[in-house]
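The primary structure of each chain is shown beneath.
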Amino acid sequence: VAKNPSINNNYEYIGKIPLLNSSTKSLPPKVYSYIEECASLCCPKDIFICDGSDTEYEHLLNFLEKNGTISPLPKYENCWLARTNPADVARVEKRTFISTECKRDTIPIPREGVTGELGNWISPKDMDKAILERFPGCMKDRTMYVIPFSMGPVGSSFSKIGIEITDSAYVVCCMRIMTRIGKKVLETLGNDDFVKCLHSVGVPKRDSKIEINSSWPCDPERTIILHRPDKNEIVSYGSGYGGNSLLGKKCFALRIGSTIAKDEGWLAEHMLILAITDPKGRKRYITAAFPSACGKTNLAMLKPTLPGYKIECVGDDIAWMRFDQEGRLRAINPENGFFGVAPGTNCITNPNAMKTIFKNTIFTNVAATSDGGVFWEGMEEEISDDVEITDWRGKKWTRGSKTPAAHPNSRFCTPIKECPVIDPDWEDSAGVPIDVILFGGRRPEGIPLIYQARNWQHGVFIGASMRSEATAAAEHTDKVIMHDPFAMRPFFGYNFGHYLNHWLSMTEVKNAKLPAIFHVNWFRKNADGKYLWPGFGENSRVLDWILRRIDGEDVAVDSAVGLLPKLGSFNLENLSKDVNMEELFSLPKSFWEKEVCHLREYFDMQVGDDLPAAIREELELLACNVDKL
Ligand code: GTP
Ligand code: MN
Ligand code: MN
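Below: a short report on this structure.

Analysis parameters
- Residues numbered from 1 in each chain as written.
- Chains lettered and ligands numbered in written order.
- Predicted model: local features only at pLDDT ≥ 70, side-chain atom pairs only at ≥ 80, totals over all residues.
- Heavy atoms only, no water.
- Donors = N, O, S within 2.8 Å, 3.2 Å for Na, K, Ca; no water.
- Helix = DSSP H or I, 4+ residues; strand = E, 2+ residues; numbered from the N terminus.
- Buried < 20%, exposed > 50% of the residue type's maximum accessible area, 1.4 Å probe, protein only.
- Contact = heavy atoms within 4.5 Å.
- Pairing = 2+ DSSP bridges.
- Near = heavy atom within 4 Å.
- Polar contact = N/O pair within 3.5 Å; in protein donor to acceptor, adjacent residues only side chain to side chain.
- Areas by Shrake-Rupley, 256 points an atom, 1.4 Å probe, with all protein chains shown as cover.
- Nonpolar A, V, L, I, M, F, W, Y, C, P; charged D, E, K, R; others polar.
- Axes fitted to C-alpha atoms, helices over the stretch in contact; angles between N-to-C directions.
- Parallel < 35°, antiparallel > 145°, perpendicular 65-115°, else oblique.
- Left-handed = near helix turned anticlockwise from the far one by under 90°.
- Salt bridge = Lys/Arg side-chain N within 4 Å of Asp/Glu carboxyl O.
- Patch = residues over 30% accessible without salt bridge, like charges linked within 9 Å, V, L, I, M, F, W, Y side chains within 5 Å.
- Lys, Arg positive; Asp, Glu negative; His and termini not counted.
- Charge placed at Lys NZ, Arg CZ, Asp CG, Glu CD.

### Topic: the coordination of the manganese ion (ligand 2)
Between any two of four tetrahedral donors, the ideal angle at the metal is 109.5 degrees; between two of six octahedral donors, it is 90 or 180 degrees.
Right, on to step 1. In the first shell of the manganese ion (ligand 2), the protein supplies Lys250 (NZ), His270 (NE2) and Asp317 (OD), at 2.2 to 2.3 Å from the metal.
Right, on to step 2. Donor residues binding the manganese ion (ligand 2) come from one chain and are separated in sequence as K-x19-H-x46-D.
Right, on to step 3. The metal-metal distance between the manganese ion (ligand 2) and the manganese ion (ligand 3) comes to 5.2 Å. With a gap of 20 residues between them, Lys250 in helix α8 (residues 248–264) and His270 in the loop between β14 (267–269) and β15 (272–277) connect regions that are remote in the sequence.

Take a look at the structure:
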């Protein structure tokens with residue numbers, strides 16, 4: 001194992017704990033006190049301040065390899081495979097809490113006898129209790145890593161800084177890919193406040209029923225993810241898995257981020273950001289909110305099949321957006337890497353991702369091939385028939401086996417800069433100007449390929465009404481259609497009703513040039529259960545219609561649900577497959593009647609008095625329109 005050359009032997013101490021590789025002098029006083037506080041709670045063996053250097057990264061990778069947490073993938077350049085404990089494979093929504101004095105600041109009060117689905121609240125007292133039941137001594141005999149990180153380009157006025165304290169070297173390596181970390185960040189921070197992020201993989205109770213291997217320590221039975229928005233504080237225990245442990249992402253950039261955004265008058269959203277250049281050379285930016293595993297990463301890197309179009313990627317998961325002085329909505333991607341779903345990714349569905357992910361990547365829970373590569377469902381054509389496959393649990397796997405080779409929520413963690421279609425302005429500290437916002441979900445029935453909101457209020461209603469078939473990104477398993485407003489249901493940092501008011505209030509921003517809002521659905525199926533729309537690269541045809549629409553071409557016609565493409569306005573030239581456009585755009589009355597019922601019940605049961613009148617108005621208008629179908 002390579003020695004980290006930056007480690008010196010004349011330790012300084014924080015409290016009684018040796019500081020491995022840095023000087024306390026380099027630490028702003030507030031950072032020092034936070035480290036001291038966490039160290040006295042968790043009692044680590046030593047403390048390691050991450051500087052973000054290449055040597056440090058190599059040192060940590062070596063350490064993880066030695067422990068059996070990761071193994072090298074010699075087929076590629078600097079790529080690694082991590083296998084988690086099978087009990088620690090996805091975000092855990094039921095164990096994710098927001099803590100505020102007043103419950104209603106966090107969640108709307110559901111109708112009596114109904115379980116709230118718009119987040120989990122915990123009292124500050126119970127949060128403290130949960131911490132004290134888990135954290136004291138939890139890092140015993142292990143190193144505590146301190147990661148100064150910036151969400152957004154270091155120094156941009158959009159950006160926010162956090163300090164993550166963790167006992168997982170895997171988390172450090174992934175945070176190094178997903179965010180900007182290290183010295184520069186501490187220098188920029190100075191003695192300002194930061195988001196406090198404490199993470200431990202935990203130590204299971206002695207009578208734990210879950211088999212824990214030493215290569216992936218975790219405590220699934222007591223996993224808990226806690227947020228305290230009024231103190232900008234995140235505490236995560238028991239899971240090493242991405243969304244639960246890379247605290248810059250969902251916890252900070254979305255949950256804490258959305259509460260900061262509300263207070264400061266901007267938006268923190270679960271959205272991709274892409275640039276699209278049309279055949280006339282005009283470049284526009286689009287954001288899109290789809291629920292987890294519903295196509296954000298795919299669309300963000302899309303290779304258009306329509307000639308003359310170019311798509312470049314700014315981000316694939318999170319957008320921070322605010323109106324500038326001129327009233328333009330500007331967005332940055334606060335992240336520095338992709339943490340993307342692996343299964344389904346291949347040279348046909350996402351060729352640009354395939355060009356991105358085979359360098360400097362950490363894969364988690366994918367299958368391995370005997371020639372030192374990776375495999376997942378959807379990669380059948382990309383590997384030769386004679387290689388042997390080991391599944392995500394490390395067992396021999398044969399083609400045609402009943403269990404999947406890769407876990408359905410297996411992921412690649414890759415630096416954004418590896419993406420061949422990254423937008424040259426992706427790190428612009430002023431953000432990129434947004435013309436269009438898309439909402440969408442996985443809807444096998446009834447929802448047309450594309451329709452447009454008539455105005456901002458209608459658009460906010462469409463976002464609020466989003467539903468989608470459950471995916472493997474969280475613990476849900478059935479193929480039920482779940483409500484997932486704004487694709488934010490698992491990520492709201494505060495009361496969804498207040499969130500809707502915040503979105504509605506954007507019309508009051510001075511000079512605001514409000515983006516046009518659309519709803520898309522790539523996933524509609526016919527009676528045989530086959531997708532009606534070929535999707536992927538062909539989605540460029542939908543984007544083409546959207547751009548022509550915002551350019552004022554006469555291509556739309558009003559319908560019960562919003563503006564639909566005029567007959568024949570949709571570019572179907574050279575479309576490889578026969579597509580039943582009539583079925584794809586049909587609005588079955590009985591379906592929409594049921595949809596209106598679902599929405600009414602959801603808003604009544606889940607949002608109640610916190611539902612803005614404007615949203616109720618839009619629902620009644622939709623109900624009325626559907627009646628007339
Ligand atoms: P998170 O990263 O979890 O937030 O999800 P995501 O929205 O980035 O999801 P991703 O792009 O990884 O989508 C994953 C799944 O959607 C894969 O199974 C894809 O094959 C499927 N998918 C994406 N685009 C399309 C499409 O246009 N048509 C169809 N049929 N499937 C698609
Ligand atoms: Mn996501
Ligand atoms: Mn993604």
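After presenting the structure, the write-up continues.
### Examining the environment of Leu41
Right, on to step 1. As for its position among the elements, Leu41 is in helix α1 (residues 29–42).
Right, on to step 2. With a relative accessible area of 21%, Leu41 lands in the partly exposed category.
Right, on to step 3. Sequence separation between Leu41 and Gly137 is 96 residues; the distance between their C-alpha atoms is 6.4 Å.
Right, on to step 4. Dropping the residues within four chain positions of it, Leu41 is found in contact with Ile131, Leu132, Phe135, Pro136, Gly137 and Leu198.

### A look at the sheet that holds strand β24 (residues 389–390)
Right, on to step 1. Taken together, the 4 strands give an open sheet; going across it, the order is β23-β22-β24-β25, and neighbouring strands pair in antiparallel fashion. Edge positions in the sheet fall to β23 (374–375) and β25 (396–397), since each of these pairs with one other strand and no more.
Right, on to step 2. Pairing geometry for strand β22 (residues 367–369) and β24, over 2 bridges, is antiparallel. Within the sheet, the bridge partner assigned to Thr369 lies in β24 and is Ile389.

### Section: the site of ligand 1
Right, on to step 1. Taken together, 19 residues lie near ligand 1, and Ala293, Lys296, Thr297, Arg411 and Phe536 sit nearest.
Right, on to step 2. One of the side-chain nitrogen or oxygen atoms of Thr297 is found 2.9 Å away from an oxygen atom of ligand 1.
Right, on to step 3. In this structure, Asn298 approaches ligand 1 through a side-chain N or O atom, which is 2.9 Å from an oxygen atom.
Right, on to step 4. Considered on its own, ligand 1 offers 670 Å² of accessible surface; in the complex 90% of this is hidden by protein.
Right, on to step 5. Partitioning the shell around ligand 1 into residue classes produces 8 nonpolar, 7 polar and 4 charged.

### Examining the packing of helix α11 (residues 456–464) against helix α12 (residues 496–504)
Right, on to step 1. Contact geometry for α11 and α12: axes closest at 10 Å, N-to-C directions at 150 degrees. With respect to α12, the element α11 is oriented roughly antiparallel. In this structure, α11 meets α12 at a crossing whose hand is right-handed. The residues of α12 that touch α11, namely those facing Trp456, Gln457, Val460 and Ala464, are Phe496, Leu500, Trp503 and Leu504.
Right, on to step 2. Of the residues belonging to the contact of α11 with α12, the class tally is 7 nonpolar, 1 polar and no charged.

### Structural notes on the environment of Ser99
Right, on to step 1. Inspection of the secondary structure puts Ser99 in strand β6 (residues 96–99).
Right, on to step 2. Residue classification places Ser99 among the buried positions, given a relative accessible area of 1%.
Right, on to step 3. Taking the C-alpha atoms as reference points, Ser99 and His227, separated by 128 residues in sequence, lie 5.9 Å from one another.
Right, on to step 4. Ignoring anything within four residues of it in the chain, the contact list for Ser99 reads Ile122, Ser123, Pro124, Met127, His227, Arg228 and Pro229.
Right, on to step 5. In this structure the side chain of Ser99 is engaged in a polar contact, spanning 3.0 Å, whose partner is the backbone oxygen of Ile122.

### A short note on the pattern of salt bridges
Right, on to step 1. Going through the model one piece at a time under the given rule, you end up with 38 salt bridges.
Right, on to step 2. One salt bridge connects Arg91 with Glu93, and the closest N-O pair in it is separated by 2.9 Å. Each of the two residues, Arg91 as well as Glu93, counts as buried.
Right, on to step 3. The closest approach of N and O atoms between Glu595 and Arg467, which form a salt bridge, is 2.8 Å. Linking Glu595 in helix α15 (residues 589–607) with Arg467 in strand β29 (residues 467–469), this pair joins segments that are 128 residues apart in sequence. Both residues of the pair, Glu595 and Arg467, count as buried.
Right, on to step 4. When salt bridges that share partners are traced, they join Lys249, Lys250, Lys296, Asp317 and Glu335 into one network.

### Digging into the environment of Thr143
Right, on to step 1. One can find Thr143 in strand β8 (residues 143–151).
Right, on to step 2. Measuring from C-alpha to C-alpha, the distance between Thr143 and Ile615 comes to 50 Å, with 472 residues separating the pair along the chain.
Right, on to step 3. Not counting residues within four places of it along the chain, the set of residues in contact with Thr143 comprises Leu20, Pro44, Lys45, Asp46, Phe48, Thr166 and Asp167.
Right, on to step 4. A polar contact of 2.7 Å, which involves the side chain of Thr143, links it to the side chain of Asp46.

### Let's talk about the sheet that holds strand β4 (residues 70–72)
Right, on to step 1. One open sheet accounts for 5 strands, arranged β4-β5-β21-β26-β20; its pairing is mixed. Every interior strand has two partners, whereas the edge strands, β4 and β20 (337–341), have only one. Averaged over neighbouring strand pairs, the angle between their axes works out to 20 degrees when direction is ignored.
Right, on to step 2. Two strands pair when backbone bridges link them, and β20 and strand β26 (residues 411–415) are joined in this way by 5 bridges, in the antiparallel orientation. By the bridge assignment for β26, Gly337 is matched with Pro415.
Right, on to step 3. On top of the sheet, helix α2 (residues 54–66) reaches β4, β5 (80–82) and β21 (362–364); it is set at about 105 degrees to β4, its chief contact.

### A few points about the pairing of strand β11 (residues 195–200)
Right, on to step 1. Among the 6 residues of β11, 5 are classified as buried, and the element is accordingly described as predominantly covered.
Right, on to step 2. Relative to β11, strand β9 (residues 160–166) runs parallel, the two being bridged by 5 bridges. Across the sheet, the residue bridging to Ile163 is Lys196, located in β11.
Right, on to step 3. Relative to strand β13 (residues 233–237), β11 runs parallel, the two sharing 5 bridges. Note on β13: the bridge partner recorded for His199 is Ser236.

### A word on the side chain of Gln606
Right, on to step 1. With respect to the helices and strands, the residue Gln606 is situated in helix α15.
Right, on to step 2. At a separation of 2.7 Å, a polar atom in the side chain of Gln606 contacts the main-chain amide nitrogen of Glu117.
Right, on to step 3. Those residues in contact with Gln606 that lie beyond four places of it in its chain are Pro108, Ile109, Pro110, Val114, Thr115, Gly116, Glu117, Leu118 and Glu601.

### What about the packing of α11 against helix α16 (residues 613–627)?
Right, on to step 1. α16 packs onto α11 with a crossing angle of 85 degrees between their chain directions and a minimal axis gap of 9 Å. Viewed along their axes, α11 and α16 adopt a mutual orientation that is roughly perpendicular. Along the contact surface, α11 presents Gln457, His458, Val460 and Phe461, while α16 presents Ala614, Ile615, Glu617, Glu618, Leu619 and Leu622.
Right, on to step 2. Taken together, the residues that form the contact of α11 with α16 break down as 6 nonpolar, 2 polar and 2 charged.

### Overview of the pairing of strand β17 (residues 310–315)
Right, on to step 1. In terms of residue burial, β17 counts as a mostly covered element, since 5 of its 6 residues are buried.
Right, on to step 2. Relative to β17, β15 runs antiparallel, the two sharing 5 bridges. Pairing of Ile273 across the sheet is with Gly315, part of β17.

### Some points on a negative patch on the surface
Right, on to step 1. A cluster of like negative charges, contributed by Glu380, Glu381, Asp385 and Asp386, occupies part of the molecular surface.
Right, on to step 2. Among the secondary structure elements, Asp385 is positioned in the loop between β23 and β24.
Right, on to step 3. Classification of Asp385 as exposed rests on a relative accessible area of 68%.

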